[in-house]
Each structure stands twice: as structure tokens, then as C-alpha cells.
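Below are the chains, spelled out letter by letter.
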Amino acid sequence: MNGWELHLRSVLKDIEAAGLHRRLREIDSPQDTRIRFEGWELINFSSNDYLGLANHPVLKEAAVQAVRDYGAGAGASRLICGSLKPSHELEEALTAFKGAEACLTFSTGYAAALGAIPALLGKEDVIVLDKRVHACIVDAARLSGARLRVFKHNDLDDLEHILQWTRSRITEHGSRCLVVTESVFSMDGDLAPLREIVELKDRYGAWLMVDEAHATGLFGERRSGLIEHLGLSGRVEIQMGTLGKAVGAAGGFICGSRTLIDFLVNSARSFIFSTAPVPASAATAAAGVGLIQSAEGVERCRRVWERAAQAQRVGGILPLKTGPLTTAASSPIIPLIIGDEQEAVRLAEALRARGLFIPAIRYPTVARGSARLRMTVTADHAREDLDQLASALQEIVNHKS
Ligand SMILES: *Cc1c(COP(=O)(O)O)cnc(C)c1O
């Protein structure tokens, strides 16, 4: 074995010793509230498919129809010859859904961040991130070379402090400043104070980018996200999202002004230098966006919020590092914060032995010492699924004391 291989082994050993080792689990069933893996059938409380669309007959049919009409592959990047009709139809649907002027889709949400941020900012500019934004935004910020500043999670005073610092750079050096936050935070399920952030960025002449990965499909009259719910559609310059969560498909997007989108078509490298998503992917996502806005979408959204409230009560059975859960769930993401990495893994295993799947989320996805069971619910969970989880948690807690 050569030296490099030995080095990799020793790093892996350290990861394992710290209780942070991860491996893939092959799932031998569709994405649903029941999943089958390694011979187990488990109730799945880990998916981001909040509205239960990933395995929905309407979306599956849209995928099949797109394969029939446009084939299996996209053939090239959009700017070469891969700009197939389903991508254009999806972008029109997203533009209307998000109340924007225009939209550009990417192969993933990750690619959307990695394309847009370095296109917009360079080393003379400033990017200001909430401490808990997703890894793709952190990576994109680093890639841009812009001056990176981080404000404490949801802390408006800290954000304002940083914006005061950027003001002189903006006025004296012609720098641009972009503030980036999520609307629903992926690992904590809490909400950003978007109204106040919009006020602040306006006051200090910055732009705002909001990642609605976990809010799209769940908030607002059209269910397009927290921006719509708070009536801020015209005031957020860059609306980002993924098509891989509540929309039930895969892909990412940026919505904004016509100018912004034309600019990204000409400068977002993850868009320009990458093969277009397959037509089935765009068509599936468009069907998902349509379904979210239908009467069935209303009903599915109502159900997921009902389950989230129930899940919040069930989560209260565990003694948590952060103390009791608040009474109302702010999203379908209920983080049960355990703290210790090994303890979180043990709990996840105890649940799995009882037929329930809630993964332990550890560093580097969350901070060290804040390992958690990240429980999510979907519109397709039954009340009884959560009753079963409640009995299992009760049994685990009793067993320990
Ligand atoms: C999942 C996620 C992304 C990335 O989207 P993908 O389409 O999965 O690449 C971006 N931001 C947040 C907050 C996410 O949770």
C-alpha cells in the first residue's frame, strides 16, 4: 500500500474514533413513509419530501411522458443544444410560482449556489452569511473570493454591526454586498426574521439572497415559501431553492429580475459548463410545482403541518440538551438535540431496532457537540406512525432510567 492510501486509512480511523464515521445505506424501495433497506422495513422520519410528492403518480407520469416526448438524455449543456422545452416550461412555472420576473434552473440546489454567488461577487466585494447557512452557500462564498463575514444565527444586531462595517466599503470602494440566509434552516427547522433582514439590507444598500430549500411548498397562499408568506416577493433580489425537497424531483433554481437571470445565463459557470438535467427531471419538477398549487396541494400542506404539530409533542418525550421543545412547530423539521455524537448514534440505532428511521446528524453537518436526531414528517405519515414513534421513545427513555 502506498503512503497516500495509508494516510486515507488513518484519517478514516480518526473519523471512526470520533463517532463521526458515515456510510451509505442502500434503499431498495421508492422514497416513501415506509422504506426498505438491508432487509428491514422502517417508518421513515428522515426525508425532505415534505408533501409526499417524490413517489406521487402525477409526478411519475410526468417523468414517463417526458421520456416518451423528449428522450432520456439532454445531450449537451443548455447553451449548446440541450435547452429542451421541459426546462423552459419549468422556469415559466417557477417564475409565476415565486412571483418573480424570471428564473434559471440548475442541475441541483448546490449547483445553483455555486453558480450564482461567484458570478455575482469578486474579491473586492463582501458576502455576509448567517452562521448556519447550508454548506453550498459557504462553499460558493469561498469560491467567489469575496470578503466573508458571518453573523450569529438569526442575530439582527450582529448583522447590523457587520453591515455598518460594509457601508464604508460600499460608498468608498464601490464594493457590492450580498447578505445570504435560509428562510427555514435545514438542521434546526427554525425561521429567519426575514422582514427585519429585508429592512436592514435596504437600509445599508446590500442585496439579499434567501435559500428557500425547506420553505418552498409549505408557506404562503401559493405555498411558494416564506418570502411569499411575508409579502416580500418584490423585495428579495435573489430567491434560491431546490426542486429536490417538497417539489418531489431534483434540481435547483434562482428566481429574480430578468437582468439577473440573463446575467447568470452568461456567467454562472455551474450552469454554462454542465450538461442540462434530463428532460424527465424538469418535467417532474414542473408537475410538482403544479401539484403544490392545486387543491391537493392545499390538503397535503394542511396534513404536513398537522403531523409537524404532533411530531413536536412526540419529540418532547426525550430529555434534550436544549431543554423542552417549544409548543408550536415552525416547520416539519423537528431537531431532537442530543449533544454527544455517540449517544445520538445509539439512540438512532435503538429506534431502528424498533422499526423507525431517524438519522443521527453529526459534525460536520452540525457543530460538534450538537449531534441530533433530525426528525422530519411528511403529508403521507399517518397519525399512527407518530403514535408508534411515541411508544418507542417512551420505551427507550424508561429503559435507560
Ligand atoms: C438541500 C439543500 C440545498 C441543496 O439543494 P440540492 O438540490 O439538494 O443540491 C441547498 N440549501 C439548503 C438549505 C438545503 O437544505
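From a predicted model like this one, the values you see are computed outputs, not experimental measurements.

Description of the environment of Arg68
Now for step 1: Residue placement: Arg68 occurs in helix H2 (residues 57-70).
Now for step 2: For the pair Arg68 and Pro332, spaced 264 residues apart in the sequence, the C-alpha separation amounts to 36 Å.
Now for step 3: At a separation of 3.0 Å, a polar atom in the side chain of Arg68 contacts the side chain of Gln65.

Considerations on the packing of helix H5 (residues 109-120) against helix H10 (residues 258-267)
Now for step 1: Between H5 and H10, whose axes approach to 10 Å, the crossing angle comes to 100°. Considered as vectors, H5 and H10 are oriented roughly perpendicular to each other. Contacts from Ala116, Ala119 and Leu120 in H5 reach Leu260, Phe263, Leu264 and Ser267 in H10.

A short note on the sheet that holds strand E12 (residues 360-361)
Now for step 1: Sheet architecture is open: three strands sit in the order E10-E13-E12, paired in antiparallel fashion. Two strands bound the open sheet, and with one partner strand each, they are strand E10 (333-339) and E12.
Now for step 2: Relative to strand E13 (residues 371-376), E10 runs antiparallel, the two being bridged by six bridges. By the bridge assignment, Leu336 is partnered in E13 with Leu373.
Now for step 3: Of the strands in this sheet, E10 and E13 touch helix H13 (residues 295-315), which is tilted by about 15° from E10.
Now for step 4: Packing of helix H14 (residues 341-353) onto the sheet brings it into contact with E10, E12 and E13, and relative to E13 it is tilted by some 35°.

Focus on the layout of surface pockets
Now for step 1: Size it by volume and the largest pocket reaches roughly 1,100 Å³.
Now for step 2: What lines the largest pocket is a set of 30 residues, among which Arg23, Arg25, Pro359, Ala360 and Arg362 lie closest to the centre.
Now for step 3: Within the residue set of the lining of the largest pocket, elements represented by two or more residues are strand E1 (34-37), H14 and E12.
Now for step 4: Here the lining of the largest pocket gets five residues from one element, more than from any other, and that element is H14.
Now for step 5: A breakdown of the residues in the lining of the largest pocket according to their chemical character gives 13 nonpolar, nine polar and eight charged.
Now for step 6: By volume, the second largest pocket is sized at about 780 Å³.
Now for step 7: Along the wall of the second largest pocket there are 26 residues; nearest its centre are Lys131, Arg132, Val133, Thr365 and Val366.
Now for step 8: Among the elements of the structure, strand E4 (126-130), helix H6 (135-144) and strand E5 (147-151) are those that each provide at least two residues to the lining of the second largest pocket.
Now for step 9: Of the residues forming the lining of the second largest pocket, the biggest block, four residues, is contributed by H6.
Now for step 10: Residue classes in the lining of the second largest pocket are distributed as 13 nonpolar, five polar and eight charged.

Some thoughts on the site of the ligand
Now for step 1: In the neighbourhood of the ligand, 13 residues make up the surrounding shell, with Gly109, Asp211, His214, Thr242 and Lys245 lying closest.
Now for step 2: Here an oxygen atom of the ligand sits 2.8 Å away from a polar atom, N or O, in the main chain of Gly109.
Now for step 3: The separation between an oxygen atom of the ligand and a polar side-chain atom of Lys245 is 2.6 Å.
Now for step 4: Here the ligand loses 83% of its free accessible area of 380 Å² to cover by the protein chains.
Now for step 5: Partitioning the shell around the ligand into residue classes produces three nonpolar, seven polar and three charged.

Examining a nonpolar patch on the surface
Now for step 1: Where nonpolar side chains cluster on the molecular surface, the patch consists of Val11, Leu12 and Ile15 and spans about 210 Å² of accessible area.
Now for step 2: Looking at where Val11 falls in the secondary structure, it is placed in helix H1 (residues 3-17).
Now for step 3: The exposure class assigned to Val11 is partly exposed, which follows from its relative accessible area of 34%.

Quick word on the sheet that holds E5
Now for step 1: Taken in spatial order, the seven strands make up an open sheet running E3-E9-E8-E7-E6-E4-E5, and their pairing is mixed. Here the strands that pair on one side only, and so sit at the sheet edges, are strand E3 (102-106) and E5. Each neighbouring strand pair of the sheet contributes to a mean axis angle of 20°, computed without reference to strand direction.
Now for step 2: Bridging between E4 and strand E6 (residues 177-182) involves four bridges; their strand directions are parallel. Note that in E6 the partner of Val126 across the bridge is Cys177.
Now for step 3: Along the sheet, H10 makes contact with E3, strand E7 (207-211), strand E8 (238-242) and strand E9 (252-256), crossing E9 at roughly 140°.

Considering the packing of aromatic side chains
Now for step 1: Inspection of the entire model under this criterion finds three aromatic pairs.
Now for step 2: Where Phe106 meets Phe271, the ring centres are 6.0 Å apart and the plane angle is 70°; that geometry is what we call edge-to-face. Of the two residues, Phe106 is situated in strand E3 and Phe271 in helix H11 (residues 269-272); the sequence distance between them amounts to 165 residues. For the pair shown, Phe106 and Phe271 are each scored as buried.
Now for step 3: The interplanar angle of 80° and the centroid separation of 5.3 Å between the aromatic rings of Phe219 and Trp305 together place this pair among those described as edge-to-face. Taken together, the positions of Phe219 in the loop between E7 and helix H9 (226-229) and Trp305 in helix H13 put the pair 86 residues apart, joining distant regions of the chain.
Now for step 4: Of the residues examined, Phe219 reaches a relative accessible area of 8% and is grouped as buried.
Now for step 5: Classification of Trp305 by relative accessible area gives partly exposed; the value is 24%.
Now for step 6: The ring centre of Tyr363 lies 3.9 Å from the NZ or CZ of Arg368, which sits over that ring.

What counts and what doesn't
Residue positions are counted from 1 within each chain, in the order its sequence is given. Given that this is a predicted model, residues contribute local features only at a pLDDT of at least 70 and side-chain atom pairs are listed and counted only at 80 or more, while totals for whole chains, interfaces and linings are drawn from all residues. Side-chain metrics in this entry use all non-hydrogen atoms of the structure; hydrogen atoms and water are not considered. Per the convention used, a helix needs a DSSP run of H or I reaching at least four residues, while a strand needs a run of E reaching at least two, with both numbered from the N terminus. Identification of polar contacts relies on pairs of N or O atoms within 3.5 Å, with a donor-acceptor requirement for protein atoms, meaning one able to donate a hydrogen and the other able to accept it, and with residues adjacent in sequence counted only if both atoms are side-chain atoms. To get an axis, a line is fitted to the C-alpha atoms, and for a helix only the part in contact is used. The angle between two axes follows their N-to-C directions and goes from 0 to 180 degrees. Oblique is the label for any angle not under 35 degrees, not over 145, and not in the 65 to 115 range, which are roughly parallel, roughly antiparallel and roughly perpendicular in turn. When checking whether two residues touch, look at their non-hydrogen atoms; a contact exists if any pair is within 4.5 Å. A strand pair is defined by DSSP finding two or more bridges across the two strands. Method remark: on a 1 Å grid restricted to protein atoms, a set of points is classed as a cavity if a 1.4 Å probe fits but cannot get out and as a pocket if it is open with protein on both sides within 12 Å along at least five of seven lines; lining residues have an atom within 4 Å of a point. Grid points are joined across faces, edges and corners, and a volume is the space filled by probe spheres set on the points. All amino acids are sorted into three groups, where Ala, Val, Leu, Ile, Met, Phe, Trp, Tyr, Cys and Pro are nonpolar, Asp, Glu, Lys and Arg are charged, and the leftover types, Gly among them, are polar. Any residue with a heavy atom positioned within 4 Å of a molecule or strand is treated as near that molecule or strand. Throughout, the Shrake-Rupley method with a 1.4 Å probe supplies accessible areas, and for residues the shown protein chains are the sole cover considered. Patches in this entry comprise residues that are over 30% relatively accessible and not in a salt bridge; like charges within 9 Å are linked, as are nonpolar side chains (Val, Leu, Ile, Met, Phe, Trp, Tyr) within 5 Å. Every case where a carboxyl oxygen of Asp or Glu lies within 4 Å of a side-chain nitrogen of Lys or Arg is listed as a salt bridge. Residue burial is assigned from relative accessible area. The probe radius is 1.4 Å, only protein chains are included, and a residue is buried under 20% of its type maximum, exposed over 50%, and partly exposed in between. What counts as a ring pair is set by centres within 6.5 Å for rings of Phe, Tyr and Trp (its six-membered ring), and what kind of pair is set by the plane angle: stacked under 30 degrees, edge-to-face over 60, tilted for all other angles. In our convention, an over-ring charge means Lys NZ or Arg CZ found within 6 Å of a ring centre and within 35 degrees of that ring's normal.

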